[in-house]
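Residues per chain are reported as follows:
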Amino acid sequence: MKPSGEVMDPSDPVVVVGAGPVGVTAAIELARRGVSVRVVSAGAGPSTTSKAMGIHARTLEVLQRTGVSDRLVGLGLPLHSFRIHDQRRAIAELPFAEVPSAFPFALSLGQDVTEKVLRDRLQEAGVEVEWGTRLVQLEQEDGTVRLTLEQGERRHEARASWVIGCDGGSSTVRRSSGIAFEGEPFPQWFLVADLQVDSPVTAGEAGRSRTNMFFSDEGATAVFPLPEPGLYRLATALPQDAVPAIDDDESRGGGGDRGAPTVDLAALEQLWQRRVGRPARLSDPRWISPFQFNSRIAASYRSGRVFLAGDAAHVHSPVGGQGMNTGIQDAVNLTWKLAAVLEGAPEGLLDTYEAERRPVAEDVLHDSRRNAVMASATSPLAKAGRSLALRTVTRVGPVRRRFLAGLTMLAVSYPASVLPGRPAPTGSRPRWAPGPGHRAPDGDVSLRGCPARLLGLLAPHGHALVSFDAGRADHDNSLADLLPEIRTGHDLVSEIHVVVVRRYRGHGKNEQSGLSPEEITEVLDPTGRLHDTYGASRPVMVLVRPDGVIGWRGPLAPSGLPLLRAVTDASLPPARDSHAHPRRLPT
Ligand SMILES: Cc1cc2nc3c(=O)[nH]c(=O)nc-3n(C[C@H](O)[C@H](O)[C@H](O)COP(=O)(O)OP(=O)(O)OC[C@H]3O[C@@H](n4cnc5c(N)ncnc54)[C@H](O)[C@@H]3O)c2cc1C
């Protein structure tokens, strides 16, 4: 034991507990920013179950700068629509092609493969997972965290500057930190099975590129194609007569199988016939897991130098496929802030993690519970209401697009963020246009004559200042006048990547402005659609955070600068003497 009175040694690593998708994402994000990080995992090796098989557009967007989205897309199967049937009748169809993202689909990919892609990226960043290393308990004292780790029979102590608990629903980090896990179990058992399916529903190209959901009097059944030919994920409520007693184990985020019923293939075929209403031959079961889920959320996401992320912070129904996606987005939100604080940004930045991410999980809990109840509705009135709601979603364009934005998580925003940056200065933002706390919308641009997407061009680290010229000839002079002001006090050349979005080719470009091509990336918005999306009828600047969220927006004028300064002061490290403190090279 170390003597008390000890203070944090800045060379102590950040320790990430847990090597599931959330822990590994957190570790990559820290390591690629040059932060010293350890990842310990109780498991003897990587998990081999396919649990989360859906990656949503927002997750792929936030992982783009991590450098893994293209790899995931390369291995996964894009699902282009979501069709809902009541008995044998299709009542709703949601086309993902309408999703305004570089990833207009739901990506089907087993969680074991997603985790492998993330671990490979972590290895490239120079970090290996320490398998077979269980956290037994942790204590905080005088600015340091002491961890008791167990490897087989051997126990030892380790120190951390900060700890991120990504150790799943039964999190030791959460328990050791005395953080309550508030909520309750859902009183229904479900079953997931990955198997070969031969059925009219799954036949042909359409059957391979669409998720089908079937409502029946026995409950809902979802059928998702998996990347391997002929393989599908079947998810359904278990028949009441196969249900064991409910227990109140708070750890169950899903996948728990203690005391769980067993279901054989013949029974599953009969169940399919009754609930899907068409024949099917089921074979080659790879994974059959009955589970009961909890709906729980950590009372707090932070205790001193300890944070919670992923299932350690929230567990809920897999309906809607949001668990892993929410956790990965937690990790990306937290880690750029922690890396900035380790470089000298104000510690208050870390308070925005819980302020931003906990309400998102509260919504996911609420929605997934409501959807699970709605999907299992059997009364004629409830079924009629459900059909009416789904028909409205399908037929009314704005309602459908809002629903899709929710499903793909593009709608996730942070109205309660405590970061400054709002309200946007008067006149810089129409009411409907995206502002601070919203996702920075993506869109088509042209880069030196080649098609590109705005978000894909942003530098992999740090913030981006996107300046829309709105076709104005004086844009470059105004920006050149403002940039030195904007950059005072921070290493903004390295921390902020400037992107100029021009409305017309060559127009507005001013060679005399002093903007050097090395400092800025120029793109063309050939159709004007991106200007419209951002409500940029006049020149406007938008600060995009490393997690793709708008941190500030304002006019291209000195009046916007005080608020921009407040945001950069709150979220960026101060300027450093590059000779005294050489910046660690990101990987
Ligand atoms: C059947 C099913 C289907 C699902 N489908 C979807 C879906 O389609 N989409 C979606 O987004 N989500 C889905 N989920 C949820 C998703 O699987 C989880 O949200 C996700 O695994 C959470 O990741 P995590 O990294 O937070 O935790 P986990 O994946 O649980 O990883 C926890 C890690 O912590 C380690 N650990 C635990 N205790 C300790 C300790 N004391 N010391 C050290 N290490 C420890 C474990 O070994 C493991 O490495 C599904 C879940 C189930 C069960």
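Calculation criteria
- Residues numbered from 1 in each chain as written.
- Predicted model: local features only at pLDDT ≥ 70, side-chain atom pairs only at ≥ 80, totals over all residues.
- Heavy atoms only, no water.
- Salt bridge = Lys/Arg side-chain N within 4 Å of Asp/Glu carboxyl O.
- Helix = DSSP H or I, 4+ residues; strand = E, 2+ residues; numbered from the N terminus.
- Buried < 20%, exposed > 50% of the residue type's maximum accessible area, 1.4 Å probe, protein only.
- Pairing = 2+ DSSP bridges.
- Axes fitted to C-alpha atoms, helices over the stretch in contact; angles between N-to-C directions.
- Left-handed = near helix turned anticlockwise from the far one by under 90°.
- Contact = heavy atoms within 4.5 Å.
- Nonpolar A, V, L, I, M, F, W, Y, C, P; charged D, E, K, R; others polar.
- Near = heavy atom within 4 Å.
- Polar contact = N/O pair within 3.5 Å; in protein donor to acceptor, adjacent residues only side chain to side chain.
- Areas by Shrake-Rupley, 256 points an atom, 1.4 Å probe, with all protein chains shown as cover.

K.L.:
Just to check I follow, could you spell out the pattern of salt bridges for this structure?
P.N.:
If the charged atoms of two oppositely charged side chains come close together, the side chains can form a pair. In this structure the tally under the stated criterion is 36 salt bridges. A salt bridge links R274 to E218, with the shortest nitrogen-to-oxygen separation between them at 2.5 Å. Residue R274 is located in helix α7 (residues 265-276), and its partner E218 is located in the loop between β14 (210-216) and β15 (219-225); the two are separated by 56 residues in the primary sequence. According to the relative accessible area criterion, R274 is partly exposed, its value standing at 44%.

K.L.:
Help me understand the sheet that holds strand β7 (residues 106-108) in this model?
P.N.:
Paired through backbone hydrogen bonds, the strands of a sheet run either parallel or antiparallel to each other. Judged by pairing direction, the sheet is antiparallel, and its 3 strands sit side by side in the order β3-β7-β4 without closing on themselves. Across the chains shown, the open sheet's two edge strands, defined by having one partner strand only, are β3 (54-55) and β4 (77-79).

K.L.:
Hey, could you run me through the packing of helix α13 (residues 475-487) against helix α16 (residues 561-571) in this one?
P.N.:
Angle between the axes and distance between the axes are the two parameters that describe a pair of packed helices. Two numbers describe how α13 lies on α16: the axes approach to 10 Å, and their chain directions differ by 35°. Between α13 and α16 lies a crossing whose hand is right-handed. Counting all contacts with α13, which are made through L482, E485 and I486, the residues of α16 involved are L561, L564 and R565. For the contact of α13 with α16, the per-class residue count stands at 4 nonpolar, no polar and 2 charged.

K.L.:
What should I look at first to understand the site of the ligand in this one?
P.N.:
Contacts to the ligand come from 35 residues, most closely from A42, Q111, L135, D311 and M324. Between the ligand and G321, the relevant distance is 3.1 Å, taken from an oxygen atom to a main-chain nitrogen or oxygen of the residue. G323 has a polar backbone atom sitting 3.1 Å from an oxygen atom of the ligand. Here the ligand loses 89% of its free accessible area of 1000 Å² to cover by the protein chains. Per-element tally for the shell around the ligand: the top contributor is helix α8 (residues 323-342), with 3 residues.

K.L.:
For this particular structure, what's the right way to read helix α2 (residues 57-64)?
P.N.:
Because each turn of an α-helix spans 3.6 residues, side chains separated by three or four positions in sequence point in the same direction. Of all 8 residues that make up α2, 7 are buried, and the element is covered over most of its length. Those residues of α2 lying buried are A57, R58, T59, L60, E61, V62 and L63. Packing partners of the buried residues in α2 comprise α1 (21-31), β3, α3 (69-75), β7, α8 and α12 (454-457).

Note that all results are geometric; they support no functional claim without further evidence.
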